[in-house]
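Close look at the chain arrangement
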Amino acid sequence: MSRIGRKHIDVPAGVTVTYENNVVTVKGKNGELKQEIVSPDIDVKIGAGVVNVERKNELKQTRAYHGLYRQLIANMVHGVDTPFTKTLIVAGVGYKCAVTGNKLVMNIGYSKPVEFAIPAGITITCPDPLQIVVSGIDKAYVGQVAAQIKAKRPVEPYHGYGLHYSNEVVVRKEAKTAGKK
């Protein structure tokens, strides 16, 4: 049995979960998220303050969907209560970033500043010029936007210049040395 799928999902106060026509809807103080359940072998049972995801058979694909949909619903419940965040670090001489209006403006070593339009449903802040915080209620969307920002300037291996996640370990290469025998 799926160890993830067996776990129940605790629903905090202020969050409502409904399941109608194979669509799970989660509403909370930060917004609303929907997830369609495409497998007819997966069923969602909603109780008092708890949500359980059950499967109707033991087929391999059904077992995979069981854990997947349980975790997607758990992420939705967490996101509408407490937004997900990803922090990026800007490393480089003269590199900096700032939010102006609905754009993230980054000076990251190119001849002109790089502008990134902030999408709907995402909040981007720059607590200091060398840090970017991406937050939102949808975990996958937050990760996708953070990856798009990071792709504007990948980390180069010799000096470590570029954009990287705050919990990412940047692997550095040793510089060449001349004249050693």
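Since the model is a prediction, treat every value here as computed from it, not as a measurement. (Residues numbered from 1 in each chain as written. Predicted model: local features only at pLDDT ≥ 70, side-chain atom pairs only at ≥ 80, totals over all residues. Heavy atoms only, no water.)

Here we take up unusual backbone geometry. The residue Asn21 is not glycine, and still its phi comes out positive at about 55°. Following the sequence through the fold, Asn21 ends up in the loop between strand S2 (16–20) and strand S3 (23–28). For Asn21, a relative accessible area of 76% puts it in the exposed group. Positive phi outside glycine occurs at Asn22, with the angle close to 60°. (Helix = DSSP H or I, 4+ residues; strand = E, 2+ residues; numbered from the N terminus. Buried < 20%, exposed > 50% of the residue type's maximum accessible area, 1.4 Å probe, protein only.)

Turning our attention to the sheet that holds strand S8 (residues 96–100). Judged by pairing direction, the sheet is antiparallel, and its 3 strands sit side by side in the order S8-S9-S10 without closing on themselves. At either end of the open sheet lies a strand with only one pairing partner, and these are S8 and strand S10 (114–117). Taking each pair of neighbouring strands and ignoring which way they run, the sheet shows an average axis angle of 20°. Where S8 lies against strand S9 (residues 103–107), 5 bridges are found, and the strand directions are antiparallel. Bridged to Thr100 within S9 is Lys103. (Pairing = 2+ DSSP bridges. Axes fitted to C-alpha atoms, helices over the stretch in contact; angles between N-to-C directions.)

Of the two faces of strand S11 (residues 122–125), the one holding Ile122 and Ile124 is buried and the one holding Thr123 and Thr125 is not buried anywhere. Pairing between S11 and strand S12 (residues 131–136): 4 bridges, direction antiparallel. The partner of Ile124 across the bridge, within S12, is Val134. The loop that links S11 with its antiparallel partner S12 comprises 5 residues.

Moving on, we get to helix H2 (residues 60–81). For an α-helix, 3.6 residues make a turn, and residues three or four places apart therefore share a direction. The terminal C-alpha atoms of H2 lie 33 Å apart, and with 22 residues this matches the ideal 32 Å at 1.5 Å per residue to within 8%. When we look at burial in H2, the residues that qualify are Thr62, His66, Gly67, Tyr69, Arg70, Ile73, Ala74, Asn75, Met76, Val77, Gly79 and Val80. (Expected span 1.5 Å × (residues − 1).)

Structurally, Val134 can be placed in strand S12. Owing to a relative accessible area of 0%, Val134 belongs among the buried residues under this scheme. Considering only alpha carbons, one finds Val134 and Ala147, 13 residues apart in sequence, at a separation of 10 Å. If we skip the residues at most four places from it in the chain, Val134 touches Phe84, Thr85, Lys86, Leu88, Ile122, Thr123, Ile124, Val142, Val145, Ala146 and Ile149. (Contact = heavy atoms within 4.5 Å.)

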